[in-house]
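# Results of the structural survey
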Amino acid sequence: MVKPVIAIVGRPNVGKSTIFNRIVGERISIVEDIPGVTRDRIYSSGEWLTHDFNIIDTGGIDIGEEPFLEQIRQQAEVAMDEADVIIFLTNGKEGVTAADEEVAKILYRTKKPVVLGVNKIDNPEMRDQIYDFYALGFGEPIPISGSHGLGIGDLLDEAAKHFPKLDQTEYDEDVIKFSLIGRPNVGKSSLVNAILGEERVIVSNIAGTTRDAIDSPYTYDEQRYVIIDTAGIRKKGKVYETTEKYSVLRALRAIERSDVVLVVINAEEGIIEQDKKIAGYAHEAGRAVVIVVNKWDAVEKDEKTMKEFEQKIRDHFLFLDYAPIVFLSAKTKKRVHTLLPMINLASENHSMRVETSVLNDIIMDAVAMNPTPTDKGKRLKIYYATQVSVKPPTFVIFVNEPELLHFSYERFLENRIRDAFGFEGTPIKIFARERK
């Protein structure tokens, strides 16, 4: 299910990023030690009670030396376009300011639910300071303290009341859903057209679960697909033109609904940091991934060019070492025929199940080849392993003490599993559990 989106909006220095970090918690402060995944986020996931959601920190928007009001307008533009619910954050210690009133005027026009939070109410004696904020016209102000973590639950309770009921378009199990992600101008729209064989991105408009992604059903060689298209929907406006971070906002919604994600790179421009950021989201979401190098026709080539470019990709995308790479040209349609077989392979591996007995034979052989590590005189003991889910394939290894399974040995076991079963195109997850 696609998650609702919350945006935190407000003038500078009201604590937007502090509240953002409080809400997302460990997801932002403790990040997997995966080389190549950039750590700066303005968009993350959170959960509250039974609700999962995505959240935008507009305080993390880097918009340069612009006048204050223009910054707020740009932040509000993002919130209006992307959010289902807006948290309007103010500073209780400073009271209602003229800047708060300007933000309020902008938010009146959003037609989105707005929840008013009054930050820096650090103790009960300060609660009387919230009453002036009724004048902003957004109902009851909610007192919170980002520094102490007070009132965050009340804020999220109120936000959750406004989450939309999103309809989910259901497809049969054998339908492969894939999306194309990448920064602007890598040729996503052209590639969708080349796959569909149509001179338009949309073949048949089926209402998806998001405001922007549109599903295009497609059948080839008796295999049914749905292309979840985010290409060509980047909105005009200064904030979208001055930062490429917003390609991430759109891509995440498509990633959530996909089985396979195509990470599209522009061969003419090479690899930039934003490519890694977007690919990192697909990896962390546990989706199958195929790396697509588009505009290959525009590159001067010799017999070494493709191999050298592939090595650059491997060096930059260390965390996607399992992803196959396809070189093609959407414009000339050269090598486009090689893409669907890779999508099929990645999807099949994403759903692969391994027999427990065979899995344990592989694990025991791996331990015999490379004995388990020790720490402070204690040796890791592996009792048995089992696969607990697919999409992505997820394994639980039962051990004597989970903390003894170091990252390096876990990586070794993952490599042995991949050697035995392939799993090309899909991440796999391994968890250690203490045997009771």
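As a starting point, this report considers the structure included with it. Since the structure is predicted, the reported quantities are computational estimates derived from the model, not experimental observations. (Residues numbered from 1 in each chain as written. Predicted model: local features only at pLDDT ≥ 70, side-chain atom pairs only at ≥ 80, totals over all residues. Heavy atoms only, no water.)

### Side note on the overall build of the protein chain
Under the convention used in this document: Here a helix means four or more residues in a row that DSSP labels H or I, a strand means two or more in a row labelled E, and each is numbered from the N terminus. A 1.4 Å probe rolled over the protein chains alone gives each residue an accessible area, and that area as a share of the maximum for its type sets the label: buried under 20%, exposed over 50%, partly exposed in between. Here, two residues are considered to be in contact whenever any of their heavy atoms come within 4.5 Å of each other. Areas reported as accessible are Shrake-Rupley estimates using a 1.4 Å probe. Residue values count occlusion only from the protein chains shown.
Helix and strand content of the protein chain: 13 helices and 17 strands. A buried classification covers 53% of the 436 residues belonging to the protein chain. Restricting the contact set of the protein chain to residue pairs at least 6 apart, pairs at least 24 apart contribute 74%. Here the protein chain has roughly 20500 Å² of accessible surface; of this, 48% comes from carbon and sulfur atoms.

### Regarding the sheet that holds strand β5 (residues 114-119)
For clarity, the threshold we go by: Criterion used throughout: strands pair if DSSP finds at least two bridges between them.
Within the open sheet, the 6 strands sit side by side as β2-β3-β1-β4-β5-β6. Their pairing is mixed. Because the sheet does not close on itself, it has two edges, and the strands there are β2 (43-48) and β6 (142-143). In the sheet, strand β1 (residues 5-9) pairs with strand β3 (residues 51-57) via 4 bridges, with the strands oriented parallel. Pairing of Ile-8 across the sheet is with Asp-57, part of β3.

### Observations regarding the packing of aromatic side chains
What characterises a pair of aromatic rings is the spacing of the ring centres plus the angle enclosed by the ring planes. Condition: Pairing of aromatic rings covers Phe, Tyr and Trp, the last counted by its six-membered ring, and requires centre-to-centre distances within 6.5 Å; plane angles under 30 degrees mean stacked, over 60 mean edge-to-face, and any other angle means tilted. Look at NZ for Lys and CZ for Arg. If either is within 6 Å of the ring centre and within 35 degrees of the ring normal, a charge sits over the ring.
Considering all chains together, one arrives at 14 aromatic pairs under this definition. Residues Phe-317 and Phe-319 carry aromatic rings whose centres are separated by 6.2 Å and whose planes lie at 55° to one another, so their mutual orientation is tilted. Per residue, the accessibility class of Phe-317 equals that of Phe-319, and both read buried. An angle of 25° between the planes, with centres 4.7 Å apart, marks the rings of Tyr-384 and Phe-398 as stacked. Remark: Phe-398 occurs in strand β16 (residues 394-399) and Tyr-384 occurs in strand β15 (residues 382-389); sequence separation between them is 14 residues. Positioned above the aromatic ring of Tyr-383, the side-chain terminus of Arg-435 is 3.7 Å from the ring centre.

### Some points on unusual backbone geometry
Here the amide bond leading from Lys-391 into Pro-392 is cis, since omega sits at 0°, within 30 degrees of zero. Among the secondary structure elements, Pro-392 is positioned in the loop between β15 and β16. In this model, Glu-222 sits at a positive phi of 70°, which is unusual for a non-glycine residue. Mapped onto the elements of the fold, Glu-222 is located in the loop between β8 (214-220) and β9 (223-229). Residue Glu-222 is classed as exposed on the basis of its relative accessible area of 77%. Positioned with a positive phi, Lys-391 is a non-glycine residue whose angle comes to about 55°. Secondary-structure assignment places Lys-391 in the loop between β15 and β16.

### Concerning the packing of helix α12 (residues 356-369) against helix α13 (residues 407-421)
Put simply, the rule reads: To obtain each axis, a line is fitted to C-alpha atoms, and for helices this fit is confined to the stretch in contact; angles are then taken between N-to-C directions over 0 to 180 degrees. What sets the label is the angle itself: under 35 degrees gives roughly parallel, over 145 gives roughly antiparallel, 65 to 115 gives roughly perpendicular, and the rest give oblique. Put simply, a crossing is left-handed when the front helix is turned counterclockwise from the back one by less than a right angle, and right-handed when it is turned clockwise.
The contact between α12 and α13 brings their axes to 10 Å, and the two run at 130°. Considering the angle they form, α12 stands oblique to α13. Both α12 and α13 take part in a crossing whose hand is right-handed. Listed contacts from α13 to Val-358, Leu-359, Ile-362, Ile-363, Ala-366, Val-367 and Met-369 of α12 are Tyr-409, Phe-412, Leu-413, Arg-416, Ile-417, Ala-420 and Phe-421.

### Considering the sheet that holds β16
One open sheet accounts for 3 strands, arranged β15-β16-β17; its pairing is mixed. Two strands lie at the open edges of the sheet, namely β15 and β17 (429-434), each paired on one side alone. The average undirected angle you get between the axes of adjacent strands in this sheet is 25°. Bridge analysis of β15 against β16 gives 6 bridges, and the strand direction is antiparallel. The residue of β16 that forms the bridge with Thr-386 is Val-396. Packing of α13 onto the sheet brings it into contact with β15, β16 and β17, and relative to β17 it is tilted by some 125°.

### As for the pairing of β5
This is how it is decided: Orient the strands so they point away from the viewer, and a crossover whose first-strand-to-second-strand path over the helix runs clockwise is right-handed.
Where burial is concerned, most of β5 is hidden: 6 out of the 6 residues are buried. Going residue by residue along β5, you find Val-114, Leu-116 and Val-118 tucked away on one face and Val-115, Gly-117 and Asn-119 tucked away on the opposite face as well. Here strand β4 (residues 85-91) pairs with β5 via 6 bridges, running parallel. Its bridge partner being in β5, Phe-88 is matched across the sheet by Leu-116. Since β4 and β5 lie parallel, the crossover through helix α4 (residues 98-108) that links them has a hand, and here it is right-handed.

### What about the environment of Lys-111?
Mapped onto the elements of the fold, Lys-111 is located in the loop between α4 and β5. Judged by its relative accessible area of 82%, Lys-111 falls in the exposed class.

### Some details on the nonpolar core
Spelled out, the test is: Buried Ala, Val, Leu, Ile, Met, Phe, Trp, Tyr and Cys residues form a nonpolar core when they are joined through side-chain atoms within 4.5 Å.
Counting residues in each nonpolar core, the largest one holds 47 residues, and the members touching the most others are Phe-88, Ile-313 and Leu-320. Other than its neighbours up to four places away in sequence, Phe-88 contacts Val-9, Gly-10, Asp-100, Val-103, Ala-104, Leu-107, Val-114, Val-115, Leu-116, Gly-117, Leu-136 and Phe-138. Grouped together as the second largest cluster of nonpolar side chains are 26 residues, Ile-227, Leu-262, Val-292 and Val-336 included.

### As for the environment of His-337
For His-337, the location among the structural elements is in the loop between β12 (325-327) and α11 (339-350). Here the alpha-carbon distance between His-337 and Ile-195, two residues 142 residues apart in the chain, equals 8.3 Å.

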